[in-house]
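Structural characterization, general
What follows is the residue order along each chain.
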Amino acid sequence: MPKVTYIEHDGRRFEVDLPEGWSLMQGALLNGVTGIEGECGGSCGCATCHLYVDEAFVDRLPEIAEAEDEMLDCTVAQREANSRLGCQIKMTPDLDGLVVRLPEEQS
Amino acid sequence: MFRFDPYSPANDADPFDAYKTLRDEYPAFWCEEAGMWVYSRYDDIIAALNDWQTYSSAKGNLVDELPNRAGATLGTTDPPRHDRLRALIQKAMTKRALDVIVEPTRGMCKKHLDALDGRKSFDFVAEYSSKVTVDLLFDLFAMPESGRQTVRDNAVLMVQTDPVTRQKGPEHIGAYEWMAKYANELIAERKKAPGEDLLSNFITAEIDGESLADREIQMTVTTLIMAGVESLSGFLSMMAYNLAEQHDARRALVADPSLIPDAIEESLRFNTSAQRFRRCLTRDVENHGQIMKEGDFIMLVYGSGNRDERRFANPDVFDIARKPRGHLGFGGGVHACLGGALARVATKIAFEEFLGRYPEFERVGETTKWVPSSNFRSPMKLDLAAA
């Protein structure tokens, strides 16, 4: 199963095995990672699963769709070039080893 | 021989033993009564919600779909059309956008509590949850003053199913047709004189320079009214039902109202009103040793996934300290409830006000009359007695 590492704003690291097809938002909620809220349930409707993707992986991710782009403008923490919404990134074997950092605040 | 009958009044009253049998012994179960497969484990439901390409909503999402609705609403279309339609409404339904409803909602709650005039017993559904919900939805959609009760009565009727014939009866279809006609009249008015409200924005919207199809507008508006009016009051009533049973939890909320949001999440997990929705397979799928064919329907039992001990420890215990992240109370994935943020805000305010007036209450009578529905679970009537 592909692995993803979440690094909380306070530095805590969570290494999680995430089934293919599950989103980074779901992986965080189900494994005790607290820096993701995921309030809308994964419909790209709340910007509370904002995360920063490790530079090495940015180009391997699917492109940012219009709805995600608009929601990324609504994040509480600063939007950066590597900002994504965790609900819009689904795990694939190609993303094995992915590292993401979480902002201080989501809402 | 185990049977699972989502139409029986016994299931409306308490589906949880049957859910446990489904999860433990028949995780991919063929339900003859509904003529579809049933997924009851958390992980299977999440996997289906994530994979809309395989588990399509385009053939309808209600266990018993209403005629002529599938393919024309948010809940019954797949991406990419779904995402474009949803984007037209989504922005008005975020937590921040809903700040504007906080004070009006509080005023509505106070008004209906004032009307109870300190009475010690009342029907929570008829006298509080449905009244607050209807006021809020009419305000949000800028709908005309008249006919509030009729809209509410039809919204509640159209989500029901007949426990004997195991389908929608003529009265349910009639209520749906009434609502569709009501929606059409509203749409005609808004087209002539659009306002700033959520419905006007949707009705006049364009996607890639093209207006939405008439049926799309009519069915979406019909569904938004139904979903708003029925589901919000249904959930408020379930929350009151839980708090009437769970005295320690209720007293904790009275002592510290900042815990109400945690209680709402646990209530969504423990007793969501959105119990069961369906999807349709776009290809053959094998799961838990069963081969399911393209075109077969699958019932996703959110109410069971929320009680799955594989995901939530001691799932049958109502624990407001649990913080049940990832629960299925609003479904999940691309079709996660559009009104989730609205429901959370409204429920928080409704209970801040209610518990302020009625810190101690319990249910009157042994039995509760439940809404007969293959999808939803909420009390028709909830008689409470205050201490």
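Everything quoted here is computed from the prediction, not taken from an experiment. (Residues numbered from 1 in each chain as written. Chains lettered and ligands numbered in written order. Predicted model: local features only at pLDDT ≥ 70, side-chain atom pairs only at ≥ 80, totals over all residues. Heavy atoms only, no water.)

Observations regarding the overall build of chain A
Scanning chain A from terminus to terminus reveals three helices and five strands. For chain A, the N- to C-terminal ordering of α and β elements is β-β-α-β-α-α-β-β. Taking 107 residues into account, the globule formula puts the C-alpha radius of gyration at 13 Å, and chain A, at 12 Å, falls close to it. Each principal axis of the C-alpha atoms in chain A carries an extent, and together these give about 30 × 30 × 25 Å. Counting only residues that meet the buried cut, chain A has 53% of its 107 residues in that class. Counted over contacts in chain A with a minimum sequence separation of 6, partners at least 24 positions apart contribute 63%. Each charge class in chain A can be summarised by its mean position, and for the 8 positive and 21 negative side chains these summaries are 6 Å apart. (Helix = DSSP H or I, 4+ residues; strand = E, 2+ residues; numbered from the N terminus. Rg over C-alpha atoms; globule rule 2.2 N^0.38 Å. Buried < 20%, exposed > 50% of the residue type's maximum accessible area, 1.4 Å probe, protein only. Contact = heavy atoms within 4.5 Å. Lys, Arg positive; Asp, Glu negative; His and termini not counted. Charge placed at Lys NZ, Arg CZ, Asp CG, Glu CD.)

Focus on the overall build of chain B
Of the regular secondary structure elements, chain B holds 14 helices and 12 strands. By the compact-globule yardstick of 21 Å for 387 residues, chain B fits well, its C-alpha radius of gyration being 20 Å. The buried share of chain B, reckoned over its 387 residues, is 60%. In chain B, once contacts between residues fewer than 6 apart in sequence are set aside, the share between residues at least 24 apart is 72%. A total of about 15300 Å² of accessible surface is found on chain B, and carbon and sulfur atoms cover 51% of it. Computing the positive centroid from 48 side-chain charges and the negative centroid from 58, chain B places the two 2 Å apart. (Areas by Shrake-Rupley, 256 points an atom, 1.4 Å probe, with all protein chains shown as cover.)

Focus on the interface of chain B and chain A
Opposite the 20 residues of chain B that make contact, chain A presents 23 residues. Interface of chain B and chain A: buried area, both sides summed, is about 1700 Å²; carbon and sulfur atoms make up 44% of it. Taken as a group, Asn50, Arg96 and Arg325 of chain B account for 34% of the area that chain B buries against chain A, more than any other trio of residues on that side. Inspection of the chain B/chain A interface yields two salt bridges. With its nearest N and O atoms 2.9 Å apart, the salt bridge here joins Glu70 of chain A to Lys91 of chain B. Elements that contribute at least two residues to the side of chain B that touches chain A include exactly α3 (42–50), α4 (81–90) and α14 (340–357) of chain B. (Buried area = accessible area lost by both parts, 1.4 Å probe. Salt bridge = Lys/Arg side-chain N within 4 Å of Asp/Glu carboxyl O.)

Observations regarding the sheet that holds strand β11 (residues 361–363) of chain B
Residues and elements named next belong to chain B. Read across the sheet, three strands follow the order β4-β12-β11 without closing on themselves; strand pairing throughout is antiparallel. Two strands lie at the open edges of the sheet, namely β4 (121–123) and β11, each paired on one side alone. Across this sheet, the average inter-strand angle for adjacent strands is 30°, counted without regard to direction. As judged from the three bridges shared by β11 and strand β12 (residues 383–386), these two strands associate in the antiparallel manner. Among the inter-strand pairings, Arg363 is bridged to a residue of β12, identified as Leu384. (Pairing = 2+ DSSP bridges. Axes fitted to C-alpha atoms, helices over the stretch in contact; angles between N-to-C directions.)

Re the packing of helix α8 (residues 170–192) of chain B against helix α10 (residues 214–245) of chain B
All names here are of chain B. Where α8 meets α10, the closest approach of the two axes is 8 Å, and the angle between their N-to-C directions is 115°. As far as their axial angle goes, α10 and α8 are roughly perpendicular. Considering how the two elements wind past one another, α8 and α10 form a crossing that is right-handed. Residues Tyr176, Met179, Ala180, Lys181, Tyr182, Ala183, Asn184, Leu186, Ile187 and Lys191 of α8 lie in contact with α10, whose contacting residues are Asp214, Ile217, Gln218, Met219, Val221, Thr222 and Ile225. Taken together, the residues of the contact of α8 with α10 sort by class into 11 nonpolar, three polar and three charged. (Parallel < 35°, antiparallel > 145°, perpendicular 65-115°, else oblique. Left-handed = near helix turned anticlockwise from the far one by under 90°. Nonpolar A, V, L, I, M, F, W, Y, C, P; charged D, E, K, R; others polar.)

Considering helix α7 (residues 148–158) of chain B
Those residues of α7 of chain B lying buried are Val151, Arg152, Asn154, Ala155, Val156 and Met158 of chain B. Buried positions along α7 of chain B lie against α6 (124–140), α8 and α10 of chain B.

Topic: the packing of α10 of chain B against helix α12 (residues 260–270) of chain B
The description of two packed helices rests on the angle between their axes and on the distance between the axes. Residue and element names in this part refer to chain B. Interaxial distance between α10 and α12 falls to 10 Å at its minimum, and their mutual angle equals 100°. When the interaxial angle is binned, α10 and α12 end up roughly perpendicular. Residues Phe235, Met238, Met239 and Asn242 of α10 lie in contact with α12, whose contacting residues are Ile260, Ala263, Ile264, Ser267, Leu268 and Phe270. For the contact of α10 with α12, the class distribution of residues is eight nonpolar, two polar and no charged.

As for the sheet that holds strand β7 (residues 276–281) of chain B
Residues and elements named next belong to chain B. Here we have five strands laid out as an open sheet, ordered β1-β2-β10-β7-β3, and mixed in their pairing. Looking along the sheet, the strands with just one partner apiece sit at the ends: β1 (28–31) and β3 (55–56). Sheet analysis places β7 next to strand β10 (residues 297–301), joined by five bridges and oriented antiparallel. Across the sheet, the residue bridging to Arg276 is Val301, located in β10. α3 rests against β2 (36–39), β3, β7 and β10 of the sheet, and its axis sits at about 125° to β10.

Quick word on the side chain of Arg152 of chain B
All names here are of chain B. Within the fold, Arg152 resides in helix α7. For the buried residue Arg152, which engages in no salt bridge, the nearest side chain bearing the opposite charge is Asp153, 5.0 Å off. Only 3.0 Å separates the side chain of Arg152 from the side chain of Ser233, close enough to count as a polar contact. What Arg152 contacts, discounting residues up to four positions off in sequence, is Val125, Ser130, Val134, Val229 and Ser233. (Polar contact = N/O pair within 3.5 Å; in protein donor to acceptor, adjacent residues only side chain to side chain.)

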